[in-house]
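# Structural characterization, general
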Amino acid sequence: MTAIGWLQAIIFFLVVLALTKPLGLYMTRVFSGERTWFSPVLVPVERFIYRLSGVNPDEEMPWYGYAFCVLAFSLVSLVYLYVLLRTQKWLPLNPQHFDNMTPDLAWNTAVSFMTNTNWQFYSGESTMSYLSQMAGLAWHNFVSAAAGIAVALAVIRGVIRTSGKTLGNFWVDLTRASLYILLPASIAVGLFLVSQGVPQNFAAYQTIHTLEGTAQTITGGPIGSQEIIKELGTNGGGFVNANSASPNENPSPLTNFIEMLLILVIGAALTYVYGRMAKNTKQGWALFSAMSILFFVGFTVVYAAEAAGNPLVHQLGVAGANLEGKETRFGAAASALFATVTTDTSCGAVNAAHDSFMALGGLVPIVNMQLGEIVFGGVGSGLYGMIIFVVLTVFIAGLMVGRTPELLGKKIERREVQFAILAALVTPILVLVPTAVAAVTPAGLATLNNAGPHGFSEILYAFTSTNANNGSAFAGLSPNLFYNIATGLNMLFGRFLIIVPALALAGTLAGKKAVAEGAGTFTTYSPVFVALLIGVIVIVGALTFLPADALGPVVEHLLVNQGKTF
Amino acid sequence: MLSQRRLERRPKARSLWDRTIVTRAVGDSFKKLDPRWMMRNPVMFIVEVGAVVTTFFFLRDVISHGGSAGFDFAISAWLWFTVLFANFAEAVAEGRGKAQADFLRRTKSDTMARRVSANAIETVPSSDLRKGDIVEVSANEVIPGDGDVVSGAAMVDESAITGESAPVVREAGGDRSSVTGGTRVLSDTIRISITANPGETFLDRMIGLVEGAARQKTPNEIALSILLSGLTIIFLIAVATLLPYSIYAGTRQTLPVLIALLVCLIPTTIGGLLSAIGIAGMDRVMQRNVLAMSGRAVEAAGDVDTLLLDKTGTITLGNRQATEVIPAAGVDGGEAMHVAYLSSLPDETPEGRSIVLLADASGQVDGKLPEGSQFVPFSAYTRMSGVDLPDGTKVRKGAPDAVLAWVREAGGTPSTDLSAQVERIARAGGTPLLLAKNQTVVGVIYLKDILKPNMRDRFDRLRAMGIRTVMITGDNPLTAAAIAGEAGVDDFLAEATPEAKMALIKREQNSGRLVAMTGDGTNDAPALAQADVGVAMNSGTQAAKEAANMVDLDSDPTKLIEIVEIGKQLLMTRGSLTTFSIANDVAKYFAILPAMFTVAYPAMSALNIMRLSTPQSAILSAVIFNALIIIALIPLALRGVKYVPKGANAVLRENVLIYGLGGIVVPFIGIKLIDLLLAALHLT
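None of the values given here were measured: they were computed from a predicted structure. (Residues numbered from 1 in each chain as written. Chains lettered and ligands numbered in written order. Predicted model: local features only at pLDDT ≥ 70, side-chain atom pairs only at ≥ 80, totals over all residues. Heavy atoms only, no water.)

### Things to note about the overall build of chain A
For the record, the criterion: Put simply, DSSP H or I for four residues or longer makes a helix, DSSP E for two residues or longer makes a strand, and each gets a number counted from the N terminus. Based on C-alpha atoms, the radius of gyration is set beside the globule rule, defined as 2.2 Å times the residue count to the power 0.38. Whether two residues touch is decided by their heavy atoms; if any such pair falls within 4.5 Å, the residues are in contact. Residues counted as positive are Lys and Arg, residues counted as negative are Asp and Glu, and His and the chain ends are not counted. The location of each charge is read from NZ of Lys, CZ of Arg, CG of Asp or CD of Glu.
The helix and strand tally for chain A stands at 20 helices and 4 strands. Here the C-alpha atoms of chain A give a radius of gyration of 23 Å, agreeing with the 24 Å that 2.2 N^0.38 yields for 566 residues. Dimensions along the principal axes, computed over C-alpha positions, put chain A at roughly 75 × 60 × 45 Å. Of the contacts formed within chain A by residues at least 6 apart in sequence, a portion of 79% connects residues at least 24 apart. With 26 positive and 27 negative side-chain charges, chain A shows a separation of 15 Å between the mean positions of the two kinds.

### Remarks on the sheet that holds strand S4 (residues 147–151) of chain B
Residue and element names in this part refer to chain B. Our working definition: Strand pairing is assigned whenever DSSP identifies at least 2 bridges connecting the two strands.
On the basis of which strands lie adjacent, the open sheet formed by 6 strands has the order S2-S1-S3-S9-S4-S7 and antiparallel pairing. Sheet topology places strand S2 (121–125) and strand S7 (178–179) at the edges, where each strand pairs with a single neighbour. As judged from the 4 bridges shared by S4 and strand S9 (residues 190–194), these two strands associate in the antiparallel manner. What sits directly across from aspartate 148, in S9, is serine 193.

### Re the pairing of strand S2 (residues 215–218) of chain A
All names here are of chain A. With 4 bridges connecting them, strand S1 (residues 206–209) and S2 associate as antiparallel partners. Its bridge partner being in S2, isoleucine 208 is matched across the sheet by glutamine 216. Between the end of S1 and the start of S2, which pair antiparallel, lie 5 residues, with glycine 213 showing a positive phi angle near 90°.

### Quick word on the environment of B:Ser193
Residue and element names in this part refer to chain B. The residue serine 193 is located in strand S9 in this model. Along the chain, serine 193 and glycine 132 lie 61 residues apart, while their C-alpha atoms are 5.8 Å from each other. Setting aside residues no more than four positions away along its own chain, serine 193 makes contact with Gly132, Asp133, Ile134, Asp146, Gly147, Asp148 and Val150.

### Thoughts on the confidence of the model for chain A
What counts here: On a range of 0 to 100, pLDDT expresses the predictor's confidence in each residue.
When pLDDT is averaged along chain A, the result is 90, and 100% of the positions lie at 70 or above. Across chain A, element-level confidence peaks in helix H3 (residues 63–87) of chain A with a mean pLDDT of 95 and bottoms out in helix H11 (residues 311–315) of chain A with 82.

### Notes on the side chain of A:Thr109
For clarity, the cut-off: Relative accessibility decides the category of a residue: with a 1.4 Å probe and only protein chains considered, values under 20% of the type maximum give buried, values over 50% give exposed, and everything between is partly exposed.
Along the chain, the position of A:Thr109 falls in helix H4 (residues 103–114). On the accessibility criterion, A:Thr109 (0% relative accessible area) is buried.

### Examining the packing of aromatic side chains
A ring pair, where both rings are aromatic, is described by two values, the distance of the centres and the angle of the planes. Here is the rule we go by: Between 30 and 60 degrees the pair is tilted, below 30 it is stacked and above 60 it is edge-to-face, where a pair is any two Phe, Tyr or Trp rings, Trp via its six-membered ring, whose centres lie within 6.5 Å. We count a charge as sitting over a ring when the NZ of a lysine or the CZ of an arginine lies within 6 Å of the ring centre and within 35 degrees of the ring normal.
As enumerated under the stated definition, the model contains 36 aromatic pairs over all chains in all. A centroid spacing of 6.2 Å and a plane angle of 20° characterise the contact between A:Phe13 and A:Phe295, whose relative ring orientation is stacked. With A:Phe13 in helix H1 (residues 3–31) and A:Phe295 in helix H10 (residues 281–308), this residue pair connects regions lying 282 residues apart in the sequence. For A:Phe295, a relative accessible area of 0% gives the class buried. Ring geometry for A:Phe288 against A:Phe376: centres 5.3 Å apart, planes inclined by 65°, an arrangement best described as edge-to-face. Here the residue A:Phe288 occupies a position in helix H10, and A:Phe376 occupies one in the loop between helix H13 (359–370) and helix H14 (381–398), the gap between them amounting to 88 residues. A:Phe376 shares its class with A:Phe288; the two are buried. Among the aromatic residues, ring-to-ring pairing joins A:Phe12, A:Phe13, A:Phe257, A:Tyr272, A:Trp285, A:Phe288, A:Phe295, A:Phe296 and A:Phe376 into one connected group. Lying over the aromatic face of B:Trp37, B:Arg40 brings its terminal NZ or CZ to 4.5 Å of the ring centre.

### Some thoughts on the interface of chain B and chain A
To be explicit about the condition: A quick way to say it: buried area is the sum, across both parts, of accessible area lost when two parts are put together, with a 1.4 Å probe. We count a salt bridge whenever a side-chain nitrogen from Lys or Arg sits within 4 Å of a carboxyl oxygen from Asp or Glu. In protein, a polar contact means a hydrogen-donor-capable atom and an acceptor-capable atom, both N or O and within 3.5 Å, with residues adjacent in sequence counting only if both atoms are side-chain atoms; elsewhere, any N or O pair within 3.5 Å suffices. Each residue gets one label: Ala, Val, Leu, Ile, Met, Phe, Trp, Tyr, Cys and Pro are nonpolar, Asp, Glu, Lys and Arg are charged, and the others, such as Gly, are polar.
Opposite the 59 residues of chain B that make contact, chain A presents 62 residues. Buried area between chain B and chain A, both sides added, is near 5000 Å², and the carbon and sulfur share of it is 78%. Our count for the contact surface shared by chain B and chain A stands at 2 salt bridges. For A:Lys411, the salt bridge identified is with B:Asp303, shortest N-O distance 3.1 Å. Where chain B meets chain A, there are 13 residue pairs in polar contact (both at pLDDT 80 or more). Those elements that place two or more of their residues in the side of chain B that touches chain A are helix H7 (219–240), helix H8 (242–248), helix H11 (295–303), helix H17 (455–464), helix H22 (559–583), helix H23 (585–597) and helix H25 (648–680) of chain B. With 12 residues, the top contributor of residues to the side of chain B that touches chain A is H7(B). Taken together, the residues that form the side of chain B that touches chain A break down as 35 nonpolar, 15 polar and 9 charged.

Given below as structure tokens:
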């Protein structure tokens, strides 16, 4: 590890920290319907959208109404993308004349983008028309992110409201998240990315002759407009297969820094929104602190593993960090940081091949995702995932002060525990069971490129990533019918089987009487609470996966040190 | 023949490790193996299923002379122990209650009753009595059922119910009218209106409660059970999927090994002790001679934010004492004392008697009331009492404004020179009683409230726990403020009426606080019902007892503070053991995982950080630790964790350190020690 490497991480973190409050404040105003800078321009647009769609913005929804809207909206957009991918051959903006996608791949891709996963079993530059990229994928990048933010807002409202049983209006939250937050940032930063060299055109790919005398195809297309929302919405689906490792998506260290920032910033700001809406910003900073600690622990492990390099390579007389599968312009530190950031959140954009990381370097992204991506997390999903852990922590540890547990003064009782544990069950079931099926069935093993623990890691990573709606891949695993369908279902369940209990949890908390805070009540913003929260996340969230992780990355790490590879 | 046998006194305390209790508990732990019973506790049910399966594997090994019979036997035996230990914990917790219930059942045996009807008295068995019947009970007879005294007064021995040997007075009217079936009248004859049908009496309810037959899981217990079941499902999946993973890794694991891992991971420690903790909490309340009508009430006591405490009997000793008689200007000190003496001679109230004592001690008075004197008792309307002497002299003592009004009515013009004294006494927390003789005010009596010892200290402790204390008193605000200040309560409600008390409870509740109170009178009933925790005095009326969710058999209002502490302790014990149980998993993973996979991946032994001797010993040590920790924690579960009243954050820090961090460290040490022992004994 080098001082420069650490400096990058620390400066990066400080910038996130600096942006959390102002952005959080702005988002609080947006979702409370207060006036903001953009109001003069956007309020008429917003009103027009409501008039056009017949939405009554003042109508509030109970949790099941909210959940129904989320599900209905997602179903419609899923069908829309599926149809688009299956008919792109006959639609405009297809200069490369790509064929329609196969049904199972189209299903996998449609689910992938609708669920904010952006798992890519396809190669963008060789299968997708520009129309599919823009009107299909980029559109989902916006609305799936906005839907996530909307759900987070609904959950926050449920936690804080002491009267009424409603959680807000999904259509209003969706519209405001897109209009006031995602769109302005995308336009501004998107143009900046283009200024740094990211292509933005409708031209066909160019074939050039290099100095070496060979022919090379340079992909083009509307990349800039999709790149920005790919990070900001923690989507992660690259325009091209190489994702942010490609110079077309991520031309310079500066864009690399900006892209990482975009991935984390909304998730970080949402902690402030939570504290602000709870009328006690310490509540938000407590979550931020827990997230920051997990962030640095994760980064340290990856960076240490990558910087230490591969002992087998060292034996060949090549000293230094592990640079296999990394862009040398980013190096070990920026690649480690990107890998941490992208799996702390549900982004899944990559600027290096996680498959080529050292075993421990690859373990951290897996663990990050297995925790449910609650370290700042996917836009919205990180916060509601964290709140589920907060409820569990409050319940387990809150009893220790000699009172029945309370969160923001509200009693955590049977129903709250029921929904929280229901949500907590989803990740272990959806990661471990399909991995088990794949590990012992011919269909699961057929397209596995590596054997032994590394092969196991690849399967585990695939189901962990799709369940967590991350979308980054360990590579080494090629698509087939089994994986297309299984990972598709996994993405679908991984998203909605958490959203529904999270909303139900919020629904039971909404309108609950809050008990006054006093010397006898458990504070959910003390350092002890932050430590407990991390403890519960690690013991309840991560230990479940220890056997599986032990058989994958952990044992691989031990074996590589003994000189064995796979 | 009316029952005249002597009643035994109900034994209050019995050691937890009483021989009979333990013997019975051992038997009960086997009876509780019945799967229908075990189903109530999903965590332990899984362990039982695991024990059955491993036993089956052991038998199969024996028949087929399989190689791992010894290992499978050890695992299955320790799994059975795990279940039995958990059942034993529950059985011991129930033991004391069962012993109490046996005693109470003997008390309940049928007696005969004299039922009074319009024209006759007939003798019927007590089981024939119905609500509304009137019965007559004389000295040395057992009261045949719960009821209210409708006429007469009697000394009643209630030791069969309360365990207290001192007899109590029960009389018609007022707040001491209720009697309990099974208690014995010592003197006089009373008539009682029966208020409960057979099978619904206080004694029946009490038997049900102490025995735990009517025990239902409390809301918090249900929520915790859901959490534990959820965790069990998660670990079930983690372990079940290990089978295919191990097949992929080429080192297929046997079912007994997987079951051993599963049992170690699921929260058996808290799962096995959960119901024992709840029963023991109820039992601790019972040991304090308080009958909680539900476990829910004890749980709610832990959440209380505001305690409403009656001044009299809780904060101060029941009776005020006269300490001084101050003569008015121009009145001789002896004269004032004499008037005080005369007005109080026939007054049987504690205050009246204390005045007589003070006067006697002063040596300034003597003699008795002349024949034909008329006593004028205190009434809420006149707010004074006194004596009309045969010579036409009238002496009165009472509330200053009432006495002044009386003097004016008699045509006198009372001097106001005593008003400063009255003010001074009230300000100091005392009660001024103005003395008047015919048309003149002759002096003022200083009645002093005597604070119970150590109350300030208790209120300080409550404050540290975050509980506000509010003193309820009928005194005027000035007096109330002084006593409140002296006792150290946070707030007070002066000139309290039942309505004001009710309004205060509702106000506190609306601002998000849970309220506890004690009461005994019928007019307390609505407030007792409204409060989150209402403790009725056993000496109180039937209405109060019915409205409350706890009854204090000792009728000691200070008990409320202890009840709150028990409630908190109960919740803390639950939380601490849950944390401990979950934290234990870290060590168990490190014991069992390397043991499972070092054969396939020798490099895995790096994870064997405890350096356990063999894979078999590692697994067995973890299982043994897991079983023994239940036994080791039974005393803690039954006694409750150490409880020191202080702020929530301090308590949390301490418990996280002991049970959270301790929960991570202890099993590492325990498993290592068991492994060393197994290796030393060549058992693996």
